[in-house]
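# Observations on the model geometry
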Amino acid sequence: MLNLLFNPFKIKNLEVRNRVVMPAFGLLYTSDRKVSQKLLDFYEARAKGGCGLIIVGGCGIDFIGGGPMMLGLDDDTFIPGYEKLAEAVHRHGAKLFLQLFHSGRYQFSFLIGQKSVAPSVVRSRYTKEEPRELSKEEIVEIEKKFANAALRAKQAGADGVELISNAGYLINQFLSPVTNLRTDEYGGSFEKRATFALNVIARVREKVGSDYPVTMRIGGNDFVPGSNTNEQMSEYAKLFCEKGIDAVNVTGGWHETKVPQLPMEVPPGAYTYLALGIKRKVNVPVYSSNRIFDPAQAQKILLEGWADAVCIGRGQIADPEWANKAKEGRVDEIRPCVGCMQGCMDRLFSMKPVECLANACTGWEGERKLVAASSKKKVLVVGGGPAGCEAAMAAKARGHEVELWEAADRIGGQLYLAAAPPGREDFLRLANFYEKEVRRVGVKVRLKRKTTLAKIQKAGFDEIILATGAKPIKIDLPGVKLNHVHQAWEVLQGNVKLGDKVVVIGGGSVGIETAIYAASQGTISGDVLKFLFLSQAETVEKMHAICTKGSHSVTLIEMLDKLGPDMGVATRWVLLQELTVLGVRQLVKAKVLKIKHNEVIFEMDGKEMTEPADTVVLALGATPERKLASELERAGVKFKEVGDVVKPRKILDAVHEGFLAGSQV
Ligand SMILES: Cc1cc2nc3c(=O)[nH]c(=O)nc-3n(C[C@H](O)[C@H](O)[C@H](O)COP(=O)(O)O)c2cc1C
């Protein structure tokens with residue numbers, strides 16, 4: 001098979017062994033802005049795993065721009081850490097670039113003890129703060145700091161640098177008419193807004209010389225009203241390449257955009273067209289970024305000429321061996337990034353180091369190692385959801401004989417529920433991974449097996465791990481037993497035909513997802529939309545209507561003052577936006593009192609109100625499924641519990657807990 005992904009390519013005179021790029025990630029693996037052992041272990045694993053080019057960063061070119069939690073590159077004392085990193089990455093044949101970073105008005109004042117700085121005083125929707133305007137002298141200083149940081153990268157043995165000019169950070173702020181309102185030589189026209197970027201490129205070049213690779217990360221479209229689109233960014237990219245940029249890494253929009261950039265709702269490779277727009281204008285390698293995770297998809301991007309290399313970011317966070325597995329055709333063995341954001345962006349926003357839902361060892365490369373057990377045991381895992389699968393695979397990797405008993409006819413558990421709403425299908429990729437991988441590593445899988453105490457005792461096991469999950473909470477509400485009342489899990493499994501008027505009770509994550517699932521029924525697919533659009537069969541307004549208005553009217557009722565309090569910030573706004581787009585009526589601070597045959601009665605603002613309903617869906621949370629656990633306890637059989645059977649939580653918790661239990665038997 002033609003495998004373009006593993007053809008070497010050149011950035012200036014630097015040969016990179018393949019076209020798999022690890023883009024920069026603020027991982028929060030440093031406490032003193034220096035390269036830590038944790039960071040080194042993380043990147044060494046990706047270099048060893050076959051990645052061609054690793055871009056590390058952002059590395060703050062000063063404290064105000066980088067803040068206390070990111071890596072620093074504003075002093076020579078940082079160099080030794082990067083030297084070690086370069087040595088570790090090079091040892092495995094990968095190349096290392098450092099990303100030179102200044103956040104400008106995206107810095108939080110509480111992190112740096114002062115206002116952030118920017119071309120102009122324009123409040124940021126991201127930080128919800130107003131920056132201070134930079135003086136001309138300060139801008140010149142920052143240009144020099146970029147250059148000094150680039151020189152340090154070179155001195156440390158990094159193979160090149162990347163200037164961050166995307167996502168709405170400082171260079172991007174200068175380029176945009178929305179954030180650059182200056183009237184001096186740094187603003188006022190399309191050309192003048194490029195002055196800062198051009199000065200940075202020139203100062204960097206002066207320091208590192210003409211042979212050293214200097215590249216740029218560019219947003220292919222800011223996706224912010226009034227800001228630069230793909231057309232303008234392509235012109236800027238052309239200009240920057242003429243002035244010495246050696247490769248362009250094209251990503252999507254700003255942190256402030258209302259267009260989702262990273263979650264699983266973004267279709268795979270959705271922003272590759274932005275890379276192509278820029279590639280048409282430049283004569284240097286272009287990498288495409290965002291939601292590229294599948295080797296076949298990556299190959300297609302290269303084959304069809306959308307870009308010259310691909311950023312596999314979270315794909316390599318999920319699996320450090322992504323590149324080697326892809327190269328060796330072991331695609332089913334790749335732990336899949338599902339775009340859930342639970343381990344990466346959600347943790348970053350909570351100021352916690354990055355982990356991964358799909359891999360319990362991410363960020364723990366140095367610690368979580370599966371070592372061979374001193375004696376081989378017979379291990380039973382009950383329950384084939386993420387916690388059970390992880391426990392079984394980890395125990396097997398230690399050399400035990402492992403059986404996995406699952407009551408359903410497939411592996412995956414609640415992943416199938418999580419994958420039911422449109423846009424959330426990526427969770428199926430994790431279910432499919434477990435389905436194959438658990439068997440491949442040699443776990444004996446028994447499906448449709450109702451586990452009982454007698455069966456366990458008859459088979460005889462040295463260790464028992466229960467991962468029996470959770471079940472929906474039942475509440476005592478008048479009318480709850482009526483025929484038109486269903487549990488959200490039943491609905492998400494496709495077992496309920498919904499009526500015209502659907503009321504979902506409970507506005508946590510499951511309630512929101514169920515409301516989206518219900519409201520999407522009867523809306524057209526992407527393929528149908530493309531067909532209608534290309535045939536000019538309908539007006540834009542009509543196409544919007546048939547994309548958003550489905551077969552049912554849906555109301556979501558929540559007792560608390562906020563929907564989705566259990567959701568991560570990186571996903572919550574996307575799903576709330578979707579509820580609104582789909583026309584779901586959202587009621588908060590509304591307490592349901594009674595369900596009747598064709599309506600739900602609730603109290604809101606001290607008044608009793610009704611909402612028509614021919615289907616009522618309960619999404620009131622889950623409770624541990626401990627039936628088997630109680631039986632074993634009564635019989636005095638010892639066991640461990642992992643995942644939702646301990647306490648219903650996120651899939652990430654189940655994965656990590658399962659892995660740890662399996663690695664300790
Ligand atoms: C937790 C997190 C931190 C990130 N930090 C940076 C960063 O410092 N610089 C940068 O250019 N991009 C950053 N990104 C964006 C990624 O480099 C990448 O473009 C994004 O994850 C999309 O690619 P993917 O779908 O392959 O993961 C970050 C993304 C995440 C999820």
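Up top is the structure these notes are about.
Every chain's residues receive numbers from 1 upward, in the order its sequence appears when written. Note on the predicted model: pLDDT of at least 70 is required for a residue's local features to be given, and 80 or more for side-chain atom pairs to be given and counted; whole-chain, interface and lining totals, by contrast, use all residues. Computation of side-chain values covers all heavy atoms of the structure but excludes hydrogens and water.

### Re the overall build of the protein
Secondary structure follows DSSP: runs of H or I at least 4 residues long count as helices, runs of E at least 2 residues long count as strands, and numbering of each begins at the N terminus. Along the protein, the regular secondary structure elements total 24 helices and 28 strands. A compact globule built from 665 residues would reach a C-alpha radius of gyration of about 26 Å, and the protein, at 27 Å, matches this within 12%. With the C-alpha coordinates of the protein rotated into their principal frame, the extents come out at 75 × 65 × 50 Å. Burial status follows relative accessibility: with a 1.4 Å probe on protein chains alone, a residue under 20% of its type maximum counts as buried, one over 50% as exposed, and anything between as partly exposed. The burial tally for the protein puts 57% of its 665 residues in the buried class. Here a residue-residue contact requires only that any non-hydrogen atoms of the pair lie within 4.5 Å. Look at the contacts in the protein between residues 6 or more apart in sequence, and 72% of them connect residues 24 or more apart. In this description the radius of gyration comes from C-alpha coordinates, and the expected globular size is given by 2.2 Å times residues to the power 0.38.

### Describing the environment of Q493
Its place among the elements puts Q493 in the loop between helix 18 (488-492) and strand 20 (501-505). In this structure the side chain of Q493 is engaged in a polar contact, spanning 3.5 Å, whose partner is the side chain of N495. Identification of polar contacts relies on pairs of N or O atoms within 3.5 Å, with a donor-acceptor requirement for protein atoms, meaning one able to donate a hydrogen and the other able to accept it, and with residues adjacent in sequence counted only if both atoms are side-chain atoms.

### Comments concerning the sheet that holds strand 20
Remark on secondary structure: sheet strands pair via backbone hydrogen bonds, oriented parallel or antiparallel. Following DSSP output, two strands are said to pair if at least two bridges run between them. Strand order in this open sheet of 5 strands is 19-26-20-21-22, and the pairing throughout is parallel. With partners counted over all chains shown, the strands left at the sheet margins are strand 19 (485-487) and strand 22 (585-587), one partner each. Taken pair by pair, the neighbouring strands of this sheet meet at an average axis angle of 20°, ignoring direction. Bridging between strand 21 (residues 553-557) and strand 22 involves 3 bridges; their strand directions are parallel. In this description, a line fitted to the C-alpha atoms serves as the axis of each element, helices being fitted only across the stretch in contact, and the angle between N-to-C directions of two axes falls anywhere from 0 to 180 degrees.

### Re a positive patch on the surface
The grouping of R123, R125, K128 and K258 at the surface amounts to a positive patch. Along the chain, K128 falls in the loop between strand 7 (117-118) and strand 8 (132-133). According to the relative accessible area criterion, K128 is exposed, its value standing at 57%. Put simply, a patch holds well-exposed residues, over 30% relative accessible area, that have no salt bridge, with like charges counted together within 9 Å and Val, Leu, Ile, Met, Phe, Trp or Tyr side chains within 5 Å. Computed by Shrake-Rupley with a 1.4 Å probe, the accessible areas treat only the displayed protein chains as cover when residues are assessed. Salt bridges are counted wherever a side-chain nitrogen of Lys or Arg sits within 4 Å of a carboxyl oxygen of Asp or Glu. Positive charges come from Lys and Arg alone, negative charges from Asp and Glu alone, with His and the N- and C-terminal ends not counted. A charge is said to be at NZ when it belongs to Lys, at CZ for Arg, at CG for Asp and at CD for Glu.

### Focus: the side chain of E437
Within the secondary structure, E437 is located in helix 16 (residues 427-440). Beyond its immediate stretch of four places on either side in the chain, E437 contacts D332, E333 and M393.

### Describing the site of the ligand
Residue proximity to a molecule or strand is established when one non-hydrogen atom of the residue lies within 4 Å of it. Taken together, 20 residues lie around the ligand, and A24, R217, R291, G313 and R314 are the ones closest in. Note that an oxygen atom of the ligand is positioned 3.3 Å from one of the side-chain N or O atoms of S289. For the ligand, whose free accessible area comes to 610 Å², the fraction covered by protein is 93%. Contributions of two or more residues to the shell around the ligand are made by strand 4 (53-60) and helix 13 (345-349). Any residue outside Ala, Val, Leu, Ile, Met, Phe, Trp, Tyr, Cys, Pro, Asp, Glu, Lys and Arg is labelled polar, Gly included; the first ten of those are nonpolar and the last four are charged. Of the residues belonging to the shell around the ligand, the class tally is 10 nonpolar, 7 polar and 3 charged.

### Some words on helix 9 (residues 272-279)
Residues separated by three or four positions in an α-helix point in the same direction, a consequence of the helix having 3.6 residues per turn. Judged by how many residues are buried, helix 9 sits mostly within the fold: 6 of 8 residues are covered. Burial in helix 9 covers these residues: T272, L274, A275, L276, G277 and I278. Of the surrounding secondary structure, the elements contacted by the buried residues of helix 9 are strand 10 (214-219), helix 8 (230-242), strand 11 (248-251), strand 12 (286-288) and helix 10 (295-303).

### Observations regarding the sheet that holds strand 17 (residues 463-466)
With parallel pairing, the 5 strands of this open sheet are ordered in space as 16-15-14-17-28. Each of the sheet's edge strands pairs with one partner strand only, and the pair in question is strand 16 (444-446) and strand 28 (640-641). Strand direction decides the pairing type here: strand 14 (residues 378-382) and strand 17, joined by 4 bridges, are parallel. Residue pairing in the sheet places V382 in a bridge with L466 of strand 17. The strands touched by helix 14 (residues 386-397) within the sheet are strand 14, strand 15 (401-405) and strand 17, with strand 15 carrying the most contacts at an inclination of about 165°. Here helix 23 (residues 627-635) sits on the sheet in contact with strand 14, strand 17 and strand 28, set at roughly 145° to strand 17.

### Focus: the nonpolar core
Take the buried Ala, Val, Leu, Ile, Met, Phe, Trp, Tyr and Cys residues and link them wherever side-chain atoms come within 4.5 Å; each set so joined is a nonpolar core. Formed by 135 residues in total, the largest nonpolar core has its most connected members in Y43 and L163. Discounting chain neighbours no more than four positions away, the residues touching Y43 are M22, F25, L27, I54, I55, V56, L85 and V89. Grouped together as the second largest cluster of nonpolar side chains are 27 residues, V496, A518, L563 and M567 included.

### Concerning helix 10
For helix 10, the complete set of buried residues consists of P295, Q297, A298, Q299, I301 and L302. Buried residues along helix 10 sit in contact with helix 9, strand 13 (309-311) and helix 12 (322-327). At the C-terminal side of helix 10, G305 shows a positive phi close to 80°.

### A look at the packing of helix 5 (residues 136-155) against helix 7 (residues 195-208)
Their axes nearest at 8 Å, the elements helix 5 and helix 7 cross at an angle of 40°. Between helix 5 and helix 7, the angle falls in the class oblique. Between helix 5 and helix 7 lies a crossing of right-handed hand. The residues of helix 7 that touch helix 5, namely those facing I139, I142, E143, F146, A147, N148, A150, L151 and K154, are F196, N199, V200, R203, V204, K207 and V208. An angle counts as roughly parallel when it lies under 35 degrees, as roughly antiparallel when it exceeds 145, as roughly perpendicular when it falls between 65 and 115, and as oblique in every other case. Two helices that cross are described as forming a left-handed crossing if the nearer one is turned anticlockwise from the farther one by less than a right angle, and a right-handed crossing if clockwise.

### Some words on the packing of aromatic side chains
Stacked, tilted and edge-to-face pairs are distinguished by plane angle, under 30 degrees for stacked and over 60 for edge-to-face with tilted covering the rest, among Phe, Tyr and Trp rings (Trp via its six-membered ring) whose centres lie within 6.5 Å. Tallying each qualifying case throughout the model produces 17 aromatic pairs. When the centroid spacing of 6.4 Å and the interplanar angle of 80° are considered together, the rings of F9 and Y287 count as edge-to-face. You can see F9 sitting in strand 1 (residues 9-11) and its partner Y287 sitting in strand 12, a full 278 residues away along the chain. For the pair formed by F9 and Y287, the shared burial category is buried. Note on F190 and Y236: the rings are 4.1 Å apart at their centroids and 10° apart in plane angle, and the pair reads as stacked. Of this pair, F190 sits in the loop between helix 6 (170-175) and helix 7 while Y236 sits in helix 8, placing them 46 residues apart in sequence. On the basis of relative accessibility, which here comes to 26%, the residue F190 falls in the partly exposed class. Aromatic ring contacts, followed pair by pair, group F101, Y106, F108, F110, Y126, Y169 and F349 into a single cluster. The lysine or arginine in question, R410, covers the ring of Y416, its NZ or CZ lying 3.4 Å from the ring centre. Residue placement shows R449 over the ring face of W405; its charged tip is 4.1 Å from the ring centre. Think of it as a cone above the ring: NZ of Lys or CZ of Arg counts as a charge over the ring if it is within 6 Å of the ring centre and within 35 degrees of the ring normal.

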